[in-house]
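# Remarks on the overall topology
Chain residues, written in single-letter form:
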Amino acid sequence: MNQQYNANRNSAIVKSAKIMHLCSAVIFLVAGLLLALVPDFEDSGTFRNTVVGIASIIIGATGIYGYFSNDMYRLAFQLDFALGIFNVIFGILLLINPVQLSVLLPTAVSILTLLDGGNKSQMAIEGKRFGIQKWYLVLVSAVLEIAAGVVLILLAYHGRDVRAWMGVAMGLVGVTNFWTTMYTVRVRNTTHHILLSQMGERSDTENKS
């Protein structure tokens, strides 16, 4: 009975983590599109930094939550704990002091994009080994994400206008996270999970005797 309850509870946690992370990826994508299509909106930077800050907190918090869920492949959230903490802290700082941090925003977004792209590229390769059919979608979007991060940091270094490119980079982060969560997060089969647990307990009992 306890095994059934624990298995059902774990399945519910994984499902909720998947739904939350999909929603946060869509929010990040929409925020990126908004910044890319309307780069001149409120030149003071307050609106832009607030959008990035809120999106970062949401995707960071859902990544941390997903890290503690026990999905079947353990791919999508395996490195999201540290990255999630970075996103949450970064987002909070942007909300607290949006204008003063405008100078650091392009660099921070580029670092976030490069880290996430590298993480998802590794995840896509491991997903192929697990037999995930759509692994290439994750890899392609992750490579594009890395390319956007490189372009963003180069433009910022040379003092170019990077407002639209920040939106492009954020949009690709959202797309990559959406594909990753959609195709690599799997809920364990409850019955199969219970049988494995029972077999493990029987094996431990036999070894002790």
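Structural data are supplied above this passage.
Calculation notes
- Residues numbered from 1 in each chain as written.
- Predicted model: local features only at pLDDT ≥ 70, side-chain atom pairs only at ≥ 80, totals over all residues.
- Heavy atoms only, no water.
- Helix = DSSP H or I, 4+ residues; strand = E, 2+ residues; numbered from the N terminus.
- Contact = heavy atoms within 4.5 Å.
- Areas by Shrake-Rupley, 256 points an atom, 1.4 Å probe, with all protein chains shown as cover.
- Phe/Tyr/Trp six-rings, centres within 6.5 Å; stacked < 30°, edge-to-face > 60°.
- Buried < 20%, exposed > 50% of the residue type's maximum accessible area, 1.4 Å probe, protein only.
- 1 Å grid on protein atoms, 1.4 Å probe; cavity = no way out; pocket = protein on both sides within 12 Å on 5 of 7 lines; lining within 4 Å.
- Points joined across faces, edges and corners; volume = space filled by probe spheres on them.
- Nonpolar A, V, L, I, M, F, W, Y, C, P; charged D, E, K, R; others polar.
- Expected span 1.5 Å × (residues − 1).
- Core = buried A, V, L, I, M, F, W, Y, C linked by side-chain atoms within 4.5 Å.
- Axes fitted to C-alpha atoms, helices over the stretch in contact; angles between N-to-C directions.
- Parallel < 35°, antiparallel > 145°, perpendicular 65-115°, else oblique.
- Left-handed = near helix turned anticlockwise from the far one by under 90°.

Our focus in this paragraph is the overall build of the protein. Tallying secondary structure elements over the protein gives 7 helices and 0 strands in all. Counting from the amino terminus, the protein carries its helices and strands in the arrangement α-α-α-α-α-α-α. Counting only contacts in the protein whose residues sit at least 6 apart along the sequence, the fraction spanning at least 24 positions is 81%. Total accessible area computed for the protein in this model is approximately 11,000 Å², and 66% of it derives from carbon and sulfur atoms.

With that settled, consider the packing of aromatic side chains. A full pass over the atoms with the stated rule returns 7 aromatic pairs. Measuring from ring centre to ring centre gives 5.2 Å for Tyr-67 and Phe-81, while their planes differ by 35°; the resulting arrangement is tilted. Here Phe-81 lies in helix H3 (residues 80–96) and Tyr-67 lies in helix H2 (residues 46–67), a separation of 14 residues in the sequence. With relative accessibility at 29%, the residue Tyr-67 sits in the partly exposed group. For Phe-81, a relative accessible area of 31% corresponds to the partly exposed category. A centroid spacing of 5.7 Å and a plane angle of 85° characterise the contact between Phe-68 and Phe-81, whose relative ring orientation is edge-to-face. Here Phe-68, found in the loop between H2 and H3, pairs with Phe-81, found in helix H3; they are 13 residues apart in sequence, far enough to count as distant. Residue classification places Phe-68 among the exposed positions, given a relative accessible area of 59%. Three or more aromatic residues joined by ring pairs make a cluster, and in this case those are Tyr-67, Phe-68 and Phe-81.

Time to look at the side chain of Lys-120. The topology assignment puts Lys-120 in helix H4 (residues 105–129). Excluding residues within four positions of it along the chain, Lys-120 makes contact with Asp-80, Val-138, Ala-142, Thr-176, Asn-177 and Thr-180.

Here we take up the layout of surface pockets. The calculated volume of the largest pocket comes to roughly 160 Å³. Together, Arg-48, Asn-49, Ser-102, Val-103, Leu-105, Pro-106, Ala-156, Arg-160, Asp-161, Val-162, Arg-163 and Met-166 line the largest pocket. Secondary-structure elements contributing two or more residues to the lining of the largest pocket are H2, H4 and helix H6 (163–184). Its residues assigned to classes, the lining of the largest pocket comprises 6 nonpolar, 2 polar and 4 charged.

Here we come to H2. With 22 residues, H2 extends 31 Å from end C-alpha to end C-alpha; this agrees with the ideal 32 Å at 1.5 Å per step. Taken as a whole, H2 has its buried residues at Arg-48, Asn-49, Val-51, Val-52, Gly-53, Ala-55, Ser-56, Ile-59, Gly-60, Thr-62, Gly-63 and Gly-66.

Another aspect to go through is the nonpolar core. Membership of the largest hydrophobic core comes to 23 residues, with the highest contact counts inside it found for Phe-28, Val-52, Phe-90, Leu-105, Val-109, Leu-152 and Met-170. The set of elements that each furnish at least two residues to this core consists of helix H1 (2–37), H2, H3, H4, helix H5 (135–157) and H6.

Right, let's talk about the environment of Leu-114 for a bit. Residue placement: Leu-114 occurs in helix H4. Each C-alpha atom, one on Leu-114 and one on Glu-145, is 7.1 Å from the other, the two residues being 31 residues apart in sequence. In this view, Leu-114 contacts Ile-146, Gly-149 and Val-150; residues no more than four positions away in its chain are not counted.

Let's shift gears to empty space enclosed by the protein. All told, the structure shown has 1 cavity of 30 Å³ or more when counted by the stated rule. Computed from the structure, the largest cavity encloses a volume of approximately 90 Å³. For the largest cavity, the full set of lining residues is His-21, Ile-59, Gly-63, Asp-80, Leu-83, Gly-84, Asn-87, Leu-112, Asp-116, Val-173 and Asn-177. Within the residue set of the lining of the largest cavity, elements represented by two or more residues are H2, H3, H4 and H6. For the lining of the largest cavity, a count of residues per class yields 4 nonpolar, 5 polar and 2 charged.

We now examine the packing of H4 against H5. Packed helices, taken two at a time, are described by the angle between their axes plus the distance between the axes. Packing of H4 against H5 brings their axes to within 8 Å, and their N-to-C directions diverge by 160°. Considered as vectors, H4 and H5 are oriented roughly antiparallel to each other. For the pair H4 and H5, the crossing hand works out as left-handed. When its residues are assigned to classes, the contact of H4 with H5 shows 14 nonpolar, 7 polar and 4 charged.

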